[in-house]
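What follows is each chain in one-letter form.
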Amino acid sequence: MAVELDGNVRMRGDNGPGVRVTVVVGDRRLRLMSGDEVVGDWLVSDIGINALQDGFKIRAEGEEFVLRTSDDVALAEEIGVGTASPRLARRLAARHNPEDRTVESEPTPIPSNLAAIGFAVGGALIVLGGVFLDRADPGRGGFQFWLTFVIGGVLMVGVSYVMSLGSQYARLIATGVVVAMIATFGFAVSGRAADVDELTSYGFIAGGLVVGVAVLVSGGPNRPR
């Protein structure tokens, strides 16, 4: 479908008022008419055209001129101008009414620093739980696991630093550490009765694991979009 606009053409270096023309765009062609006279008729692909703050700079058949029209937005859409001026880009966006588009809301990802802090807190809780577990049961089964929890908690604190740097591998490393700690926790609490002190230790460890899992589930770090 052809678009017909009123326009004005001024040759490069010409300080005069220019020439009034009718601009016709359709079938990938740009035609300039002055009354019944054809001023120019080109395939859009054969000419160079760039958007200016007001109008377009066109290079055709070795000549360069400035074209202004009554509706630069319609002309830009019809010929597919790739390099739009900021002013024209804003007008193009307004023409398409982006406010009317329905965009599905997505959960807001946890900022990377907040995720790192949360993961470090989870690691610290696990370290405390491991230390308390050693004190609660230094000579029995607790000794088999307390050092693993301490090391795992320290690793979580270290991974939190990697998160704060925005590393692309942070989520993978964090997930691996948390899964390993959950498996260790399952072995530690299965098949034996725990006293009050051990339950307190396991409470710290479980709390740290919950915080670590919550950070991963809530979107940090580097959750794919």
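Structure: see above.
Residues numbered from 1 in each chain as written. Predicted model: local features only at pLDDT ≥ 70, side-chain atom pairs only at ≥ 80, totals over all residues. Heavy atoms only, no water.

Visitor: Mind showing me how you'd approach the overall build of the protein chain here?
Guide: A count of helices and strands for the protein chain gives 6 helices and 7 strands. Along the chain direction, N to C, the helices and strands of the protein chain fall in the order β-β-β-β-β-β-β-α-α-α-α-α-α. A fraction of 54% describes how many contacts in the protein chain between residues 6 or more apart in sequence connect residues 24 or more apart. Per element, the accessible surface of the protein chain, about 13,200 Å² overall, is 57% carbon and sulfur. (Helix = DSSP H or I, 4+ residues; strand = E, 2+ residues; numbered from the N terminus. Contact = heavy atoms within 4.5 Å. Areas by Shrake-Rupley, 256 points an atom, 1.4 Å probe, with all protein chains shown as cover.)

Visitor: Explain the nonpolar core to me, please; I cannot follow it from the model alone.
Guide: Counting 24 residues, the largest nonpolar core has Phe119, Ile126, Phe149, Met163 and Ile205 as the members making the most contacts within it. Of all the secondary structure elements, the ones that give two or more residues to this core are helix H3 (112–136), helix H4 (143–164), helix H5 (170–189) and helix H6 (196–217). By size, the runner-up hydrophobic cluster in this structure holds 20 residues, among which are Val21, Ile49, Ala51 and Leu67. (Core = buried A, V, L, I, M, F, W, Y, C linked by side-chain atoms within 4.5 Å. Buried < 20%, exposed > 50% of the residue type's maximum accessible area, 1.4 Å probe, protein only.)

Visitor: Would you explain the sheet that holds strand E3 (residues 29–34) in this entry?
Guide: Across a sheet, paired strands are connected by hydrogen bonds in the backbone, their directions being either parallel or antiparallel. Strand order in the open sheet formed by 7 strands is E4-E3-E2-E1-E7-E6-E5, with antiparallel pairing between adjacent strands. A strand with exactly one partner marks an edge of an open sheet, and here the two such strands are strand E4 (37–43) and strand E5 (48–51). Pairs of neighbouring strands in the sheet enclose a mean axial angle of 30°, with direction left out of account. Inspection of the sheet shows strand E6 (residues 56–60) paired to strand E7 (residues 63–69) by 5 bridges, in the antiparallel sense. Among the inter-strand pairings, Ile58 is bridged to a residue of E7, identified as Phe65. The strands touched by helix H1 (residues 72–79) within the sheet are strand E1 (3–11), strand E2 (19–26), E3, E5, E6 and E7, with E2 carrying the most contacts at an inclination of about 40°. (Pairing = 2+ DSSP bridges. Axes fitted to C-alpha atoms, helices over the stretch in contact; angles between N-to-C directions.)

Visitor: Where do I start with the side chain of Thr69 in this structure?
Guide: Positionally, Thr69 belongs in strand E7. Look at Thr69 and you get buried, because its relative accessible area is 15%. A polar contact is formed between the side chain of Thr69 and the backbone nitrogen of Asp71, at a distance of 3.2 Å. Within the local environment of Thr69, its side chain forms a polar contact with the side chain of Asp72, the two groups lying 2.6 Å apart. Ignoring any residue separated from it by four or fewer positions in sequence, one finds Thr69 in contact with Leu5, Asp6, Gly7, Val23 and Leu75. (Polar contact = N/O pair within 3.5 Å; in protein donor to acceptor, adjacent residues only side chain to side chain.)

Read these as layout, nothing more, since geometry by itself doesn't imply function.
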